[in-house]
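Take a look at the letters that make up each chain.
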Amino acid sequence: MTQIRLGIPPDTEPTMEPNQSLGTSRPDPTPCEFQHISVLSQEVLAGLQVQAGHYLDATVGGGGHSALILAAHPDVRLTALDQDTQALTAAGQRLAEFGERVSFQQCNFAEFDPGELRFAGILADLGVSSAQFDWGERGFSFRQDAPLDMRMNQQQRFTAAEIVNTWDEAELANLIYSYGEERLSRQIARRIVERRPLNTTAELAETIFHSVPRSYRYGRIHPATRSFQALRIAVNRELEVLEHFLQVAPLWLKPQGRLAIISFHSLEDRIVKHALKESELLRVITKKPITPSAAEAEQNPRARSAKLRIAEQVNPSEYKSRNKYENFKQDHA
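Heads up: these notes are all about the structure in this document. (Residues numbered from 1 in each chain as written. Predicted model: local features only at pLDDT ≥ 70, side-chain atom pairs only at ≥ 80, totals over all residues. Heavy atoms only, no water.)

**Details of helix α10 (residues 225-236)**
For the α-helix, the turn length of 3.6 residues means that residues three or four positions removed from each other point alike. Over its 12 residues, α10 runs 17 Å from end to end, which matches the ideal 16 Å to within 8%, given 1.5 Å per residue. Of all 12 residues in α10, 11 are buried; the element is thus mostly enclosed. (Helix = DSSP H or I, 4+ residues; strand = E, 2+ residues; numbered from the N terminus. Expected span 1.5 Å × (residues − 1). Buried < 20%, exposed > 50% of the residue type's maximum accessible area, 1.4 Å probe, protein only.)

Structural data, given as structure tokens:
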């Protein structure tokens, strides 16, 4: 099989009824309209065992989880990261009441450098927020017609349009199969190459829709869902940066500090599961992932696929060899 060019990889695109027409894009909402329902909120608080200390929200989004962590104890401080400028602006508004207890930094969580700071707990809520899906101009969704963008960090130059319009057929097929788990990837890639240039989400969704058999067009999800997912993951190098983050994040924890990861698809969850289990610095707390209650899934359908895994940093004194611990830190610094 052809190797995927980026060396990187699905989240769930909101489904569209097969006969629903694609709408037109609307202006981006103001920051105060950045609405994202935080999933598994109480489970995150319980899992992190929030108490006085410094916490890291590695994907602050609209600030929902951060607000709960800060409100849980008056002596909590929090560092909030996000690569999305609009998300950081919205989070800044939502968390303004906490004043200097919270600080913000725009970066991908895999690029963060805490220096000597160590955290009592770290949270990463992976994937794309509801607001990002709903903002048509960002190009994450085919519900609204927009440029083929899909960048979480809008300062980067690489977009979905470059993949769609310049990658060869084999590379496209491999990407869609590997990162979207799409069994019809070859015929989708063939149709894309035949129809390009494709410049908008509507053009791509229509191309994919007509590339698959009629019986496949009217299933549970729109036939473009998995392909859009694969493109978004590739554009943002999501699995590659996740793997790096899971290597370094345990080093950012205080002894017995906790790491909580919320994932939304099987490829992502598999990486988290194995990284937590195999880390020499962590003890897994959740043998099985925590999933939303029936009530939460009904209230927020986008939470249905969420899985929360939690691990705790092993106290260095518990290591059989102190040198082994120090060597591990040096190797992964």
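**A few points about the packing of aromatic side chains**
In this description, a pair of aromatic rings is defined by centroid distance and the angle of the planes. Tallied over the full model, the rule gives 5 aromatic pairs. When the ring of Phe109 is compared with that of Phe245, the centres are 4.5 Å apart and the planes differ by 40°; the resulting orientation is tilted. A residue pair is termed long-range when its members are at least 10 positions apart, and Phe109 in the loop between β4 (102-106) and β5 (119-125) and Phe245 in helix α11 (residues 238-248) qualify at 136 residues. Judged by relative accessible area, Phe245 falls into the buried class, the value being 0%. Between Phe112 and Phe119, the aromatic rings sit 6.4 Å apart at their centres with planes inclined by 40°, giving tilted as the arrangement. (Phe/Tyr/Trp six-rings, centres within 6.5 Å; stacked < 30°, edge-to-face > 60°.)

**Digging into the sheet that holds strand β2 (residues 53-57)**
Pairing is mixed in the open sheet, where 7 strands are placed in the order β4-β3-β2-β5-β7-β9-β8. Here the strands that pair on one side only, and so sit at the sheet edges, are β4 and β8 (282-284). Ignoring strand direction, the axes of neighbouring strands in this sheet form an average angle of 20°. Across 3 bridges, β2 lies against β5 in parallel orientation. Bridge pairing in β5 places Leu56 opposite Ile122. Against the sheet, α11 engages β5 and β7 (253-263), with an angle of about 160° to β7. In this fold helix α12 (residues 266-278) packs onto β7, β8 and β9 (307-313), with an angle of close to 20° to the strand it touches most, β9. (Pairing = 2+ DSSP bridges. Axes fitted to C-alpha atoms, helices over the stretch in contact; angles between N-to-C directions. Contact = heavy atoms within 4.5 Å.)

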